[in-house]
Each structure stands twice: as C-alpha cells, then as structure tokens.
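# Structure assessment
Listed here are the chains, written in short residue letters.
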Amino acid sequence: MKQEIPPEVIEAFTSYSPDLPDHSAGDISVEPIGDGLINHSYKVNCELKVDLFLQKINKNVFAHPEDVQNNYITLWEYAEFEFTGLRLPSPQYWGPNSTLYTDMNGGCWRAFEFIDDTVTTPVAKNPQQAKATAKAFAKFTAVYEGMNTDLLKTVIPDFHNLSLRYQQFSTALNTELYERMAIALSLINELKARERYIHFYDLIIESGEFPLRVMHHDAKIANVLFDKKTGKVICPVDYDTVMPGYFFSDLGDMIRSMACGENENSTNEKGISIRKEYYDAILTGYMEIMGASFTSSEKKYIHHAGLLIIYMQSLRFIIDYLNGDVYYKTTHTEQNFDRARNQLLLLQSLEVFLQETYNYKL
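Everything numeric here is computed off the predicted structure, so don't read it as measured data. (Residues numbered from 1 in each chain as written. Predicted model: local features only at pLDDT ≥ 70, side-chain atom pairs only at ≥ 80, totals over all residues. Heavy atoms only, no water.)

## A closer look at the overall build of the protein
Counting secondary structure elements, the protein contains eleven helices and ten strands. Computed over the C-alpha atoms, the radius of gyration of the protein is 22 Å, within 12% of the 21 Å expected from 2.2 N^0.38 for a compact globule of 362 residues. Here the C-alpha coordinates of the protein stretch approximately 65 × 50 × 40 Å along the principal axes. Counting the 362 residues in the protein, one finds 52% classified as buried. Surface summary for the protein: the accessible area is close to 17400 Å², and the carbon and sulfur share equals 50%. (Helix = DSSP H or I, 4+ residues; strand = E, 2+ residues; numbered from the N terminus. Rg over C-alpha atoms; globule rule 2.2 N^0.38 Å. Buried < 20%, exposed > 50% of the residue type's maximum accessible area, 1.4 Å probe, protein only. Areas by Shrake-Rupley, 256 points an atom, 1.4 Å probe, with all protein chains shown as cover.)

Written as structure tokens, this is what we have:
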C-alpha cells in the first residue's frame, strides 16, 4: 500500500526552477508506480512543468540514503560530462545543490525526469529481448570502465559476498526450528556438497585477475526501459544498488532470472531448467560489449557467473527458512524452502547444461 506524500515534498520538487524565474507547476496530480516492495515510487503530473518520477528511499534497506543519491549523481554526471552516450534520467533539484529532500518525519525523497512513452516488462518474451537486456547492462558497466570505483559508496555491504552467505548458512544450521531442519536436510546436504563455489569466490576476491567494476547488482529485465513504439532499449533504471563488484554479479543475475522459464516462486519442477536459446542470447549479448575489456581469467570462468549467483540465492532462501522467515516476505509456511529448492534445481540444471553443451569443468 502506497504511503501518503507530505505536501511539502511535492512543493519542494515542483516549485524550484534553476536559472529560470519561479513559476507555478499548475495543476498537479500524483499516481503510484510499481508495487512498492522496497522504495515507494510515483509519477507527478505537472500541468506547466515536466512530469517527475518521485521516490521515497526505504531507510530500512538503505541505511544511508545520502550514499544512494550521491552514487546516482556521480554516475549521472560522469555519463553526461564524459559524453558517454548513456542516458540516465536527469535528477530534479529542489534547491541550488540539493536533490535529496528530508521531510518533517525524516523521510528521504528524490525526483527525476519522467521518461515518457516507455514501458517495462517483468519477463523476457523472447531470446532477442533477453539479448538486448544483457547488452544494456553490459553497456552500463562498459561506460564506467574509466571511472574510479572508489567514487562509489557501498550502499549494501557484502551484498554479493558468497563467503559471508555461506557463513550465515553454517550459522543457520544451528536453528532450533527442528521440523524445518528435518524437512531441509536433503537440500542442505546438496548445498554443502557445492562448497567448491565458495573456494572459487575466495579466489576471485584475492586475485588481481578479477578487477572491481561498476556493477548494477539488480540486473533484471524489469529494470530496463523499452521504447513503447519501437521496443528498443532506452536505458537501465533503478540504480540504488550500483556499487563496485565483480564480473559475475550482473551476468549471473540475468542468467538466473531470464534463462529459466519459471520464476523463483515456481514449484513446477519440470519447468525449472535452463533454456539454451536464452542462455546463449544473454551470454552473447553481454560479451559483445564486455568481451574486449574482460581479463583472460574473467573470460575463462565466464560460465561461473550463473553458478555463483544461483547458488548464492539458494543459500539465502534456505537461510531465511531456517531462521524463521525473517527477511523475505512469504505467503505460506514452506515458501522459502520451495524457493531454495527451486534455485537448487536451477543450479543443477545449469551444471548439467554447461557440462553437456560447453564441456565446462565445474
């Protein structure tokens, strides 16, 4: 359910006109956008000014909203002033140097230009759309190849830290929810048997062959704007989780979310498998852009991207199940177990697929 917007927030973002005489925005209307699971988002329709995309940053998820916004300004300014050709929605100011507004209750708000005649989609409808999505996120990382990653704040520490997730998994095995432990035992053993992925992750962070890059960290097709008429990609959106990261994060997440015809909530076990045409489209699209800048080690282990992310997501779901469903929202008692099993089945499918299709050593 959307939260009511304090009038002061609307006033702040619609009344300020930098370098222009102040004038009214005219009649204003507001409509909610999206499901509001993390940040609450709205379209602000202005009669006499440009329409705005208004968003309240969830301080429970992002403890330092100023870091989230500073990251965006850093990305936007680099894209604009380095003439990269990457389009990012322009931030809206409410004062000479202010883009983050704190209301009287401590809520943090920001606004951007609203890009008209665009559409998003929750799933890739065909391999060509999956490839276009992969190229969009690859271009995003490629654009910032020359930018110092130290300029970006880490807004969610250890977000894709696989070693930490395994430590949390090991701790969760001490649960006193014994019935859940019994139900999950077989799945737990399968995850333990894949501890080799943890060792590979440790190699990544210890080796200079895997440099830190600017990664989106939420690379899914729902975070891409498409032109409503032509179907072409306009730009990725939702940059809250942009941080320095490693090669596997965005590519792995796209494989996890687009290479399978079933989403992570599905219990249709027969449908949980890797679709070759989608996997190849994602990998080809991404490497068309990033192949020239990847190191030899990144190229050699490119297929580990999906393995690492899917394995990590299965760990995260079973951790939450063993801890009593304290992180992910659930609609039934066994949902986090079902999600963990879903991801394990997808991981197993990917392992077989890579061995049979690419003769890839795991």
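## Comments concerning helix α6 (residues 196-206)
Along an α-helix, residues three or four positions apart point the same way, because every turn accommodates 3.6 residues. Within the sequence span of α6, burial applies to Tyr197, Ile198, Phe200, Tyr201 and Ile204. The buried residues of α6 occupy an angular sector of 160 degrees when projected down its axis, which confines them to one face. Across α6 from its buried face, at more than 90 degrees, point the exposed residues His199 and Glu206. For α6, the secondary structure elements touched by its buried residues are α4 (162-172), α7 (248-258), α10 (304-322) and α11 (335-358). (Arc of directions from axis to C-beta. Contact = heavy atoms within 4.5 Å.)

## Quick look at the sheet that holds strand β8 (residues 224-227)
In spatial order, the strands read β6-β8-β9; together these three strands make up an open sheet with antiparallel pairing. Of all strands in the sheet, those with a lone pairing partner are β6 (118-119) and β9 (233-236), marking the two edges. In this sheet, β8 lies alongside β6 in antiparallel orientation, the contact comprising two bridges. From the neighbouring strand, Val119 faces β8, where its bridge partner is Phe226. The sheet strands contacting helix α3 (residues 127-143) are β8 and β9, and the helix crosses β9 at an angle near 50 degrees. (Pairing = 2+ DSSP bridges. Axes fitted to C-alpha atoms, helices over the stretch in contact; angles between N-to-C directions.)

## Some words on the environment of Thr118
Here Thr118 is to be found in strand β6. Along the primary structure Thr118 and Asp227 are separated by 109 residues, whereas in three dimensions their C-alpha atoms are 4.7 Å apart. Reaching out from Thr118, the side chain makes a polar contact with the backbone oxygen of Ile115 at a distance of 3.0 Å. (Polar contact = N/O pair within 3.5 Å; in protein donor to acceptor, adjacent residues only side chain to side chain.)

## Things to note about the packing of aromatic side chains
The full count for this structure, using the stated rule, is 26 aromatic pairs. Ring-pair connections join several aromatic residues into one group, and the members of that group are Phe200, Tyr201, Phe210, Phe247, Phe248, Tyr286, Phe294 and Tyr301. Arg196 extends its terminal NZ or CZ atom over the ring of Tyr197, reaching a point 4.8 Å from the ring centre. Cation over ring: Arg275 sits above Tyr278, and NZ or CZ is 3.6 Å from the ring centre. (Phe/Tyr/Trp six-rings, centres within 6.5 Å; stacked < 30°, edge-to-face > 60°. Lys NZ or Arg CZ within 6 Å of the ring centre and 35° of its normal.)

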